[in-house]
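What follows is each chain in one-letter form.
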Amino acid sequence: MKNNIITYGRQSITKDDIDAVIDALQSDYLTQGPKISEFESKFAEYIGCKYAVAVANGTAALHLCTLALGVKDGDKVITTPITFAASANCVKYCGGDVIFSDINPLTYLIDIESVKHKLTISPHGTYKGLILVDFAGRAVNLEDYKKLADEYNLWIIEDACHAPGGYFVDSNGKKQNCGNGNFADLAIFSFHPVKHIACGEGGMITTNNFDLYNKLLKYRTHGITKTNSEFLNSTLFANGELPLNEEDQKKYPTWYMEMQVLGFNYRLTDFQAALGISQLNKANNGLKRRIEIASKYERAFGGKSWIKRQSGSVEGHAYHLYIIEIEKRLELYNFLKTKNIFTQVHYIPTHLMPYYRVLGWEEGSMPFAENYYKGCLSLPMYPTLTDEEQEFVINQISNFFEK
Ligand SMILES: Cc1ncc(COP(=O)(O)O)c(C=O)c1O
């Protein structure tokens, strides 16, 4: 094997992706064109939900969700410390307070018992919502959280950035796809290059709730609506009357629009959407390959005393990341680097970031998350990783611990 550089994750761009982008670049629309709605409807079909809204990136998706759910100053929202910072930051964008809740040390997902504890020791109404992360690609059991959410009147955002194609099995034995909107109010995805579907930058929000969907559309484009039936400002509208029916509406000028709320420009471009559609066509194959790679790691490392893996079966896991916990993490990381294998750490606990420490979060407050961080390492996991490359990775790690 030639000594390729092996990273923890990477995009896979083929000729059909390039052709799709070139076609979009040569079309009439670079942005706000037909590729956006095509991507949205194909993505919604893939996930199995009613509505999808394409946006500039996963962070914008999270911000639009907290806006649409009406997060405001002082609203308390619970989330996990083991995630990318954006899962928590979106609460701060709207003035809310992030309340971290510790992880389960076996699954690495937010621990439902720790969330329950928080809810039961506080007066009803203390918390407004939950942001639950399908971390590494392992689906959170949202059915269990929905019961809690109903009892405590909470909304749920599912951060499914790591998990397109992942699922959990509900109490009726039915597969529930990550982001399908059956239990969460809103779900979000990212199309950053290391994710399953790459758009360069990009994101998607999925939901089954029409009112939230409508709000998201408005907030995505400056808070503007062009839908006649929603207009509020009748005095500026032609002869001062709101159109009564569809026939009348057609007589009114198409240039008229209203900015009704303070929104943003969080749009995706048409050429990014074209890439997203082309990538989506290959998503099932990519996922299959990720599961193959994970199964091979499981076989290689299962039963080894020097390694701990995320617990649970490979079924339903979307394997954005394959994570191990080991002692001597830094030594292994540096050793692998000398072999051109570039692993990564996901994540430094968000509550220990300087920004959150200033807000009062301290070391020792999330013991399972902090302990996990001491030993976690993400191994190479992407569909174009070859068998030979993976064997090289496995052999190097085994040599490091066993020689
Ligand atoms: C769990 C999680 N949430 C949110 C995001 C933010 O997505 P983006 O990078 O597209 O803004 C990421 C991206 O790394 C992520 O991993």
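Here the structure is a predicted model, which is why all the values come from computation and not from measurement.

Engineer: Mind showing me how you'd approach the environment of A300 here?
Structural biologist: The residue A300 is located in helix α10 (residues 283–301) in this model. Judged by relative accessible area, A300 falls into the partly exposed class, the value being 21%.

Engineer: Looking at this model, I keep getting lost on the sheet that holds strand β5 (residues 127–133). Mind explaining?
Structural biologist: Across a sheet, paired strands are connected by hydrogen bonds in the backbone, their directions being either parallel or antiparallel. Taken together, seven strands build an open sheet; the order of strands is β2-β10-β9-β6-β5-β3-β4 and the sheet is mixed. The sheet is open, and its two edges are formed by β2 (51–55) and β4 (97–100), each paired on a single side. Strand-to-strand twist of the sheet, defined as the mean angle between neighbouring strand axes without regard to direction, takes the value 25 degrees. Against the sheet, helix α2 (residues 34–47) engages β2, β9 (186–190) and β10 (203–207), with an angle of about 130 degrees to β2. Each of β5 and β6 (155–159) touches helix α6 (residues 142–152); the most contacted strand, β6, lies at about 150 degrees to it.

Engineer: Sorry, what's going on with the site of the ligand here?
Structural biologist: Not every one of the 14 residues close to the ligand is listed here, only the nearest: G58, T59, D159, H162 and S190. At 2.8 Å from an oxygen atom of the ligand is found a side-chain nitrogen or oxygen belonging to H162. Note that an oxygen atom of the ligand is positioned 3.2 Å from one of the side-chain N or O atoms of Y347. Surface burial for the ligand is 92%, taken as the share of its 390 Å² of free accessible area covered by protein chains. Considering only residue class, the shell around the ligand consists of four nonpolar, eight polar and two charged.

Engineer: Help me understand the environment of S378, please; the structure alone is not making it clear to me.
Structural biologist: With respect to the element layout, S378 can be found in strand β16 (residues 376–379). A relative accessible area of 1% means that S378 is categorised as buried. Here the alpha-carbon distance between S378 and H320, two residues 58 residues apart in the chain, equals 9.8 Å. Here the side chain of S378 touches H346 through a polar contact of 2.7 Å, side chain to side chain.

Engineer: Could you clarify how one ought to interpret the side chain of Q310 in this entry?
Structural biologist: Residue placement: Q310 occurs in the loop between β13 (308–309) and β14 (322–325). Relative accessible area serves as the criterion here: at 9%, Q310 is assigned to the buried category. Within polar-contact distance, the side chain of Q310 engages the backbone oxygen of T107 at 2.9 Å. Polar side-chain contacts of Q310 include one of 3.0 Å to the side chain of H317. Q310 has contacts with L106, T107, Y108, F135, A136, R138, H317 and I323, leaving out every residue within four places of it along the chain.

Conventions used here
Residues numbered from 1 in each chain as written. Predicted model: local features only at pLDDT ≥ 70, side-chain atom pairs only at ≥ 80, totals over all residues. Heavy atoms only, no water. Helix = DSSP H or I, 4+ residues; strand = E, 2+ residues; numbered from the N terminus. Buried < 20%, exposed > 50% of the residue type's maximum accessible area, 1.4 Å probe, protein only. Pairing = 2+ DSSP bridges. Axes fitted to C-alpha atoms, helices over the stretch in contact; angles between N-to-C directions. Contact = heavy atoms within 4.5 Å. Near = heavy atom within 4 Å. Polar contact = N/O pair within 3.5 Å; in protein donor to acceptor, adjacent residues only side chain to side chain. Areas by Shrake-Rupley, 256 points an atom, 1.4 Å probe, with all protein chains shown as cover. Nonpolar A, V, L, I, M, F, W, Y, C, P; charged D, E, K, R; others polar.

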